[in-house]
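Here are the chains, one letter per residue:
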Amino acid sequence: MKTGIHGEILKIENLSFAYEKDEPVLQDINLHATDGESIGIIGANGIGKSTLMKLLVGLNTNYSGKLVVAGHEVTPKNLNHIREHVGYVFQDSDSQLFLSTVEDDIAFGPRNYGLSEEEVQKRVDDAISFLHIEHLRKKSTYKMSGGEKKLASIATILAMEPDIIIMDEPSIALDPRNRRNLINILNKIKSLKIITSHDLDFVMDTCERTILIDDGRIIADGATDVILKDEKLLTTHSLELPLSLSRM
Amino acid sequence: MNNLHPLGKLLTCVLYIFLVASIDKYDIIPLILMSVYLVFAFLIGELSLKEGLYRMRLILPLVLFVGIFNPFFDKDIVLYVGNIGISGGVMSMITLFIKGLYSVLSAYILIATTSIDDICYALRVVKVPKIIVIVIMLIYRYFDVMALEAHRIMTAYSLRAPSQKGIHYKAWGALVGQWLLRSMDRAEMVYESMLLRGFNGEFSFKKKALKLQDFIYPIAWACIFVIIKLRIIM
Ligand SMILES: Nc1ncnc2c1ncn2[C@@H]1O[C@H](COP(=O)(O)OP(=O)(O)O)[C@@H](O)[C@H]1O
Ligand SMILES: [Mg+2]
């Protein structure tokens, strides 16, 4: 659902988080984002990208620091508000889709928010036509390929018309054609997008801004074409230049 | 049949299983007559018996073998077919077997003609607690995923132990533990994904309007079942 907020829509200040005491996963993260931005969060495996995304939607609320999403501080009491405005596309589509047909799954979110049945149907139709997945409408969610599942997952989120869309490693396990298709789709979405990935070429094609995380801290935050061209920066943090650049 | 209200189908199925189970253990005639429901549903619903038995393959053995020791305990002759005496134990083994089969098949009829979402909706209509409905839904959804997960673990194991037939008994504990942990992780993630889309424990499915046939269907079957059960016409 749209907040109508323009300008700053995400504010993270001095955020730290640990699953186990004394083993901090995120430390002193500061990040501001505005409506309509596209942000890539990059970093090696296991450095806390997914953890950060889960904090944004309140799947964990025992962090320290300040976290304000869509105008609401992330606290257990505010979770309903926040989740109305933030869509989260899971890394693993099998965890995202659980109803019998794609159509029902897309309708699940809007129905939960008490929209009228006409409005629900309209949301479903819009999401389906936006993603060009008419052929999947009646399909059973567990009889689809990886690429189809990813698109269906995204549809379930788009139907909620969120202000912020979070995608955790969306390009993983997609073949080149599906990957290209997904890039085109993401570039059509106007909401604030936050995409975690260690597929730097994917970030290159979908995000204007990039944030590099290592050891639980933000190492760099800036324009994608600056950060992803900085070979020294990337290699010191266990990443490599995007293929599209290293070939040149 | 797919278009009937899920509640009617659910109630019919539950009543059927209940009545079949409560038929006396030596009373084979009403039990045979009870098959009319299964025959009807398989024909009208255009279901395949083979597919049904296949889908239910995991629980069939359990329900079929519950009565297997009865013949050893109950050796009194209760019936003669020609001049062969059939003991109470054999008889009750047969009826238990039939009851198990009927129950499984009627559950299959429900699942095959009604989506799980509709079944959950119907369960909520009759006020089954939310948490139970959610668990049923997750188990159903994760049946296939758990099977897949088990298959993956087995494959990973056998690729690294190619000379072994099957799985060494010492590895079973670890593998089963792995399997349960992974399956639980999965279930938790699905639940999180539901929460993130505004789920508050209530299924807001499309409300279904009740039509005349939605009442007639369960009531007609209830009458037939009771007539057979009480042996009113025999
Ligand atoms: N539920 C959890 N409980 C405990 N530790 C976890 C949990 N999830 C992730 N971690 C740990 O937190 C760190 C960051 O994980 P994650 O955020 O998944 O990294 P990334 O997404 O960047 O690969 C890892 O060391 C991981 O082992
Ligand atoms: Mg991750």
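See the structure shown above.
Below, the structure is looked at part by part. (Residues numbered from 1 in each chain as written. Chains lettered and ligands numbered in written order. Predicted model: local features only at pLDDT ≥ 70, side-chain atom pairs only at ≥ 80, totals over all residues. Heavy atoms only, no water.)

1. Structural notes on the overall build of chain A
Along its length, chain A carries 11 helices and 10 strands. Once the C-alpha set of chain A is aligned to its principal axes, its extents read approximately 50 × 45 × 35 Å. In chain A, once contacts between residues fewer than 6 apart in sequence are set aside, the share between residues at least 24 apart is 64%. As presented, chain A carries roughly 10,500 Å² of accessible surface, and 48% of it is formed by carbon and sulfur atoms. Here chain A holds 28 positive side-chain charges and 38 negative ones, and the gap between their average locations is 3 Å. (Helix = DSSP H or I, 4+ residues; strand = E, 2+ residues; numbered from the N terminus. Contact = heavy atoms within 4.5 Å. Areas by Shrake-Rupley, 256 points an atom, 1.4 Å probe, with all protein chains shown as cover. Lys, Arg positive; Asp, Glu negative; His and termini not counted. Charge placed at Lys NZ, Arg CZ, Asp CG, Glu CD.)

2. Some remarks on the sheet that holds strand β6 (residues 86-89) of chain A
Residue and element names in this part refer to chain A. Here 6 strands make up an open sheet; going across it, the order is β6-β7-β8-β3-β9-β10 and the pairing mixed. Each having just a single partner strand, β6 and β10 (217-223) make up the two edges of the open sheet. Between one strand axis and the next, the sheet turns through 15° on average, direction left out of account. Note: β6 against strand β7 (residues 164-168), 4 bridges, orientation parallel. What sits directly across from valine 86, in β7, is isoleucine 164. (Pairing = 2+ DSSP bridges. Axes fitted to C-alpha atoms, helices over the stretch in contact; angles between N-to-C directions.)

3. Looking at the site of ligand 1
Residues and elements named next belong to chain A. In the vicinity of ligand 1, the contacting residues are Tyr19, Val25, Ala44, Asn45, Gly46, Ile47, Gly48, Lys49, Ser50 and Thr51. Measuring from an oxygen atom of ligand 1, one finds a backbone N or O atom of glycine 48 at 3.0 Å. Between an oxygen atom of ligand 1 and a main-chain N or O atom of lysine 49, the distance comes to 2.8 Å. When the free accessible area of ligand 1 is taken as 560 Å², the share hidden by the protein chains comes to 55%. In terms of residue count, the dominant contributor to the shell around ligand 1 is helix α1 (residues 49-56) (3 residues). (Near = heavy atom within 4 Å. Polar contact = N/O pair within 3.5 Å; in protein donor to acceptor, adjacent residues only side chain to side chain.)

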